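Commentary on secondary and tertiary structure
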Amino acid sequence: MLYSYLLTRSEFRINTAPEKATADGKYAHSLYINLLLAILEMSGYRVVAGDSRSPMDSLGSSNMLSNSRMAKALAEDLDIREIIARGNTGIKDFDDAVLRLYGKIIASAAYTDFRKKRKPDLADEVKLWTVLLPTVLQKDPLLLETARRDPAFTLVGYNRAFQMVADTLNNYYDSNATLRQAKSSLNMSLEKAYDLYHALLTLPVYITRMEADRIEAAKEKYCPTPEDLNPNMRFVNNRFVEAIKEHPQIEEYGKKHDIAWDADYYMLKELLDSIKASDTYKEYMESETQTLAADCEFWRTILKTVVFPSDVLAETLESKSVYWNDDLTVMGTFVLKSIRQMATTGNREAALLPMYKDEEDACFGAGLFENAVEHREEYRGYIDRFINGSQWDPERLALMDIVILIAAITELLNYPSIPIPVTMNEYIEIANYYSSPRSGQFINGVLYNVANYLKEEGRLQK
């Protein structure tokens, strides 16, 4: 999810000055910057370096445009802060217009409607400003008169600047919408993983049911054999399968989630044929040991050696959910643990594994994601510090490697209970699985150096 977000995110991008542009383009960019600063100034932010006063100072705490999340984000943007620090924007030329624009905005129908919202969100703020830009600011005579004083003024550039501001504000909203979508997808992926855990536990029930149907059909043949009429029923009477079929937790979960395999006839058929062709099946059918533990161990071995590695299962999982193929290894391990637990305790209603071990476990994924997103630039700086330029070009590194390193550094710095070697080993393994053949070695080298540096700086206390 972090990889997907960082790949598709649309940042709050401030347009840079064009190197080669027409007079219209150059003036449009100049006014564009001043309009962004004017929005900040009307929202109560200082947009001129030093002690210079703003015409908005007279409003004090009564400024009705303050406390804007959009303006706060704009004021914190590094490019905007650099522009303000340089102090060569010409925003002071608009002092006469700013307070007047503020008054017109407050009196506008768009702002009145905005104020009626009980809890306006970021989308509402962006929509408000994208409406105010063409209907209030762009049409204000005093603002136009002020703009015309600039010798570089062009009417085309003037109109273009307002569209550029609207695009910038909308892009910022798009970025936040992408972040919210990524968080939602992360939660969904975790929920779907738990669905897979239950689905894999119930898979033996459906495979067994197919074999039971085959046995009954064989009895109805025109000339059934003695074996058809008196079949070995050990497989279909498996005690583990009966326990799962009647398990109260699975039954309750199935009422609320779609974890059935009824529509996957060909997958079930191929898996059943593979199981019956295995040595494990032959040994099981010939064994005289008939206990819950033995039946559990049979299915534990079959799932591990026949079912989980099968291509037909992988293809089916991929068609059911985009999340399930990656989850099969981990959820398969959880299923095997649950079967062993039932075998060890002898309890047919042994409690299934919970979705999360505890509250800390439940918060881990979302917390790791949010910290990685919030501090990605800082953590990318640590990565770049320790890249050997003769071997690794920072501009040509695989994005997946960068994402893995950012996630690993996030875990190093924010989860003191996880030992450093555990974090390093986990992310090296992730790199080997998801990225290039050299990624594991690369992740190992960079993480080792970053961890040592953070220790020296006193930031890593474990």
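Our subject is the structure listed above.
A few points on the structure. Residue positions are counted from 1 within each chain, in the order its sequence is given. For a predicted model such as this one, the threshold for reporting local features is a pLDDT of at least 70, and the threshold for listing and counting side-chain atom pairs is 80 or more; totals across whole chains, interfaces and linings nevertheless cover every residue. Side-chain metrics rest on all non-hydrogen atoms present in the structure, leaving aside hydrogens and water.

With that settled, consider unusual backbone geometry. Its identity as a non-glycine residue notwithstanding, N67 has a phi of 65°, on the positive side. Tracing the backbone shows N67 in the loop between α2 (23–42) and α3 (69–76). Counting from the N terminus, the helices are DSSP H or I runs at least four residues long and the strands are E runs at least two residues long.

Okay, helix α14 (residues 279–286) next. In an α-helix, one turn spans 3.6 residues; hence positions three or four apart end up facing the same way. For each residue, the accessible area found with a 1.4 Å probe, counting protein chains only, is set against the maximum for its type, and the residue is called buried under 20%, exposed over 50%, and partly exposed in between. Among the residues of α14, Y281, Y284 and M285 are the ones counted as buried. Down the axis of α14, the buried side of the element spans an arc of 95°, and every buried residue falls inside it. Exposed and oriented more than 90 degrees from the buried face of α14 are D279, E283 and E286. The directions from the helix axis to the C-beta atoms are what the arc is built from.

Turning next to the nonpolar core. In terms of nonpolar packing, the biggest core is built from 54 residues, with L37, M42, I80, W129, L137 and L143 touching the most fellow members. Secondary structure elements with two or more residues in this core: α2, α3, α4 (78–86), α5 (95–107), α6 (109–116), α7 (122–137), α8 (141–148) and α9 (155–219). Per-element accounting of this core gives the leading share, 12 residues, to α2. Beyond its immediate sequence surroundings of up to four residues, I80 is in contact with I14, L36, L37, L40 and L74. Listed in part, the 52 residues of the second largest apolar core include Y197, F240, M285 and L292. We call a set of buried residues a nonpolar core when its members are Ala, Val, Leu, Ile, Met, Phe, Trp, Tyr or Cys and they connect through side-chain atoms within 4.5 Å of each other. Throughout, a residue-residue contact means that at least one pair of heavy atoms, one from each residue, lies within 4.5 Å.

Attention shifts here to the side chain of N63. Take N63: it is sitting in the loop between α2 and α3. A distance of 2.8 Å separates the side chain of N63 from the backbone nitrogen of L65, its partner in a polar contact. In this structure N63 touches M42, S43, G44, M56 and Y102, once residues within four positions along its chain are discounted. Nitrogen and oxygen atoms within 3.5 Å of one another constitute a polar contact, given that in protein one can donate a hydrogen and the other can accept it, and given that sequence-neighbouring residues count only through two side-chain atoms.

Take a negative patch on the surface next. The residues that make up patches have over 30% relative accessible area and no salt bridge, and they are joined within 9 Å when like-charged or within 5 Å when they are Val, Leu, Ile, Met, Phe, Trp or Tyr. Computed by Shrake-Rupley with a 1.4 Å probe, the accessible areas treat only the displayed protein chains as cover when residues are assessed. Definition used for salt bridges: Asp or Glu carboxyl oxygen within 4 Å of a side-chain nitrogen of Lys or Arg. Only four residue types enter the charge count: Lys and Arg as positive, Asp and Glu as negative, with His and the chain ends excluded. A charged residue contributes its charge at one atom only: NZ of Lys, CZ of Arg, CG of Asp or CD of Glu. Together, E270, D311, E315 and E318 give the surface a local cluster of negative charge. For the negative patch, the element with the most residues is helix α16 (residues 311–320), which contributes three residues. By relative accessible area, E270 is classed as partly exposed at 44%.

Time to look at the packing of aromatic side chains. Within 6.5 Å between ring centres, the rings of Phe, Tyr and Trp (the latter by its six-membered ring) count as paired, and their orientation is classed by plane angle as stacked under 30 degrees, edge-to-face over 60, tilted in between. Evaluation of the coordinates by the stated rule reveals 17 aromatic pairs. With a centroid separation of 5.4 Å and 70° between ring planes, the pair formed by Y27 and F153 is classed as edge-to-face. Taken together, the positions of Y27 in helix α2 and F153 in the loop between α8 and α9 put the pair 126 residues apart, joining distant regions of the chain. Residue class for Y27 comes out buried when judged on its relative accessible area of 3%. For F153, a relative accessible area of 15% corresponds to the buried category.

So, on to α8. Of all the positions in α8, only L142, L143, T146 and A147 are classed as buried. Buried positions in α8, seen along its axis, are confined to an arc of 140° and lie on one side of it. Backbone nitrogen of L142 and a side-chain oxygen of the N-cap are separated by 3.3 Å at the start of α8; the cap is D140.

Moving on to the pattern of salt bridges. The final tally for this structure, using the stated rule, is 24 salt bridges. Between R86 and E82 there is a salt bridge, with its nearest N and O atoms 3.4 Å apart. Remark: E82 and R86 occur in helix α4; sequence separation between them is four residues, near one turn of the helix. When its relative accessible area of 45% is taken as the criterion, E82 is described as partly exposed. Here E252 makes a salt bridge to K255, at a shortest N to O gap of 3.8 Å. In this pair, E252 and K255 both sit in helix α12 (residues 248–256), three residues apart, roughly one turn of the helix. One network of salt bridges, in which partners are shared, links R46, R53 and D57.

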